[in-house]
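# Tertiary structure, described
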Amino acid sequence: MAATEMPELRTEVACTFCLKPASDVETVVAGAGVYICNECVALCAELIATKPAAGGMPSLPWEERISDDELLALLPRVAATGAQVDRRLTLAVRQARLRGITWTRIGGALGVTRQSAWERFSGED
Ligand SMILES: [Zn+2]
């Protein structure tokens, strides 16, 4: 295996919007640490196509319009999305390190110090 290959990058991901695993949908498109499935793309296209005129925002059910129980059910899903983004960031930093990019440059890209980047991502104490 080449030094730049990372088996973790091939582990299954979930749609950031609906959290369905990639194996449960037809297609998942990757963005910068996030993913969207074909079903969510279709829903988004429908919402965009039916949006109110003159700058109105397409609507999705969200915190202020849902019941307390729905909001509580949403919390672990948001946490799972955050965890997936964190895992993807960690893998991207590991890829940067495999390329020989310094902790100073990684920290600079993330807006933190070299020390903070190392502490968060090196896996060392
Ligand atoms: Zn989805």
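Residues numbered from 1 in each chain as written. Predicted model: local features only at pLDDT ≥ 70, side-chain atom pairs only at ≥ 80, totals over all residues. Heavy atoms only, no water.

Here we come to the coordination of the zinc ion. Surrounding the zinc ion are the protein donor atoms C15 (SG), C18 (SG), C37 (SG) and C40 (SG), which sit 2.3 Å from the metal. Here the donor residues of the zinc ion share one chain and are spaced in sequence as C-x2-C-x18-C-x2-C. (Donors = N, O, S within 2.8 Å, 3.2 Å for Na, K, Ca; no water.)

Before going further, it helps to spend a moment on the pattern of salt bridges. This structure, assessed with the given rule, holds two salt bridges. With a shortest N-O distance of 2.4 Å, K20 and E39 are connected by a salt bridge. Remark: E39 occurs in helix α1 (residues 38-49) and K20 occurs in the segment before β1 (28-30); sequence separation between them is 19 residues. In this structure E39 comes out as partly exposed when scored by relative accessible area, which is 34%. Between R120 and D86 there is a salt bridge, and its shortest N-O distance comes to 3.6 Å. Placement of the pair is R120 in helix α4 (residues 114-121) and D86 in helix α2 (residues 68-98), with a sequence separation of 34 residues. Among the residues examined, R120 registers a relative accessible area of 52% and is labelled exposed. (Salt bridge = Lys/Arg side-chain N within 4 Å of Asp/Glu carboxyl O. Helix = DSSP H or I, 4+ residues; strand = E, 2+ residues; numbered from the N terminus. Buried < 20%, exposed > 50% of the residue type's maximum accessible area, 1.4 Å probe, protein only.)

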